[in-house]
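# Examination of the molecular architecture
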Amino acid sequence: MSDFEGLKALVTGGASGIGRATAELLAERGARVAVLDLDPSSVDKPLLGYRADVTDDASVREAVAAAAAGLGGLDVLVNNAGIGAQGTVEDNDDAEWHRVFDVNVLGMVRTARACLPYLRRSAQAAIVNTCSIAATAGLPQRALYSATKGAVYSLTLAMAADHLREGIRVNCVNPGTADTPWIGRLLSAAPDPAAERAALEARQPTGRLVTAEEVAGAIAYLASPLSGATTGTSLAVDGGMQGLRLRPEAR
Ligand SMILES: NC(=O)c1ccc[n+]([C@@H]2O[C@H](COP(=O)([O-])OP(=O)(O)OC[C@H]3O[C@@H](n4cnc5c(N)ncnc54)[C@H](O)[C@@H]3O)[C@@H](O)[C@H]2O)c1
């Protein structure tokens, strides 16, 4: 029997990229899975799609209630919806800082808040937040984005402490640059997309981008009941970018 057999999972931002790969993997491993997204129109069976904007508390509550009813409960929340931002502290105005925090941080707060009553009823409850290497490494031109992911990292620890005695584990994954539609959009906006891609690949010791499926595998590991002793941790999925210091290759 698979580890997710009989469990019900909700994945935010599950219509694309890392969220999509995660929803599909959890379903393959036996979970019933609902996707909450701004645009769930591409979501197909066996996944259930629900439209919601994580910046809108009422729409999150409505979609979470509908998903929990559709699934017959909730055991796993993957808080994954997020958006990017580029530039130094000088490059984004207050409105943009508020907008990106609203999606990347408060979006997770709203979704967790709506899901907790259901998770408390589960014997195998887990939350996995999609954080980023930007939380733990200083990356150029990512001041706002990194600040949001630093907040997600701290939020993960605080939530793990708050909900431990309720039997709810909370962890996060910290992906390096992952080959998703988001990065596709970023590359096509660059003056020289091939050079930009090469620079992003070279930044990771493996010399390639992380795949959405590799991040999904790490999320499934943390969400699985097999990981019952793991809470309050971050799992890097970054081709070695955070931890390794390689010497240049001998030519
Ligand atoms: N791709 C990377 O290199 C990378 C690296 C580290 C962390 N991450 C994180 O992974 C997560 C997913 O990124 P991805 O690369 O798969 O992106 P993506 O753009 O391919 O997918 C993001 C999904 O989130 C949804 N979404 C965005 N705003 C929303 C909102 N307000 N309400 C509901 N849904 C919303 C989008 O519709 C989309 O389906 C994000 O939290 C991102 O910060 C990505």
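### Structural notes on the overall build of the protein
Helix and strand counts for the protein come out as 7 helices and 9 strands. For a compact globule of 251 residues, the expected C-alpha radius of gyration is about 18 Å, and the protein comes in at 18 Å, within 12% of that figure. Along the longest, intermediate and shortest principal axes, the C-alpha atoms of the protein span 55 × 40 × 35 Å. Expressed as a percentage of the 251 residues in the protein, the buried residues total 49%. A separation threshold of at least 6 residues defines the contact pool for the protein, and within that pool the share at least 24 residues apart is 71%.

### Re the layout of surface pockets
Taken as a whole, the largest pocket encloses approximately 1,100 Å³ of empty space. Lining the largest pocket are 48 residues, with Gly 82, Ile 83, Gly 84, Tyr 145 and Trp 182 sitting closest to its centre. When contributions to the lining of the largest pocket are tallied by element, the ones reaching two or more residues are α1 (17–28), β2 (32–37), α3 (94–119), α4 (143–163), α5 (181–189) and α6 (193–203). If one sorts the elements of the lining of the largest pocket by residue count, α5 sits on top with 5 residues.

### Here's the deal with the environment of Thr 148
Turning to its location among the elements, Thr 148 is positioned in helix α4. Placed 29 residues apart in sequence, Thr 148 and Leu 119 show a C-alpha to C-alpha distance of 25 Å. Thr 148 has contacts with Val 100, Phe 101, Asn 104 and Val 105, leaving out every residue within four places of it along the chain.

### Quick notes on the pairing of β2
Within β2, 5 of the 6 residues are buried, leaving the element largely enclosed by the surrounding structure. Sheet analysis places strand β1 (residues 8–12) next to β2, joined by 5 bridges and oriented parallel. Its bridge partner being in β2, Val 11 is matched across the sheet by Val 35. Since β1 and β2 lie parallel, the crossover through α1 that links them has a hand, and here it is right-handed. Sheet topology note: the β2/strand β3 (residues 48–51) ladder contains 4 bridges and is parallel. For Leu 36, the partnering residue across the bridge sits in β3 and is Tyr 50.

Criteria and thresholds
Residues numbered from 1 in each chain as written. Predicted model: local features only at pLDDT ≥ 70, side-chain atom pairs only at ≥ 80, totals over all residues. Heavy atoms only, no water. Helix = DSSP H or I, 4+ residues; strand = E, 2+ residues; numbered from the N terminus. Rg over C-alpha atoms; globule rule 2.2 N^0.38 Å. Buried < 20%, exposed > 50% of the residue type's maximum accessible area, 1.4 Å probe, protein only. Contact = heavy atoms within 4.5 Å. 1 Å grid on protein atoms, 1.4 Å probe; cavity = no way out; pocket = protein on both sides within 12 Å on 5 of 7 lines; lining within 4 Å. Points joined across faces, edges and corners; volume = space filled by probe spheres on them. Pairing = 2+ DSSP bridges. Right-handed = clockwise from strand over helix to strand, strands pointing away.

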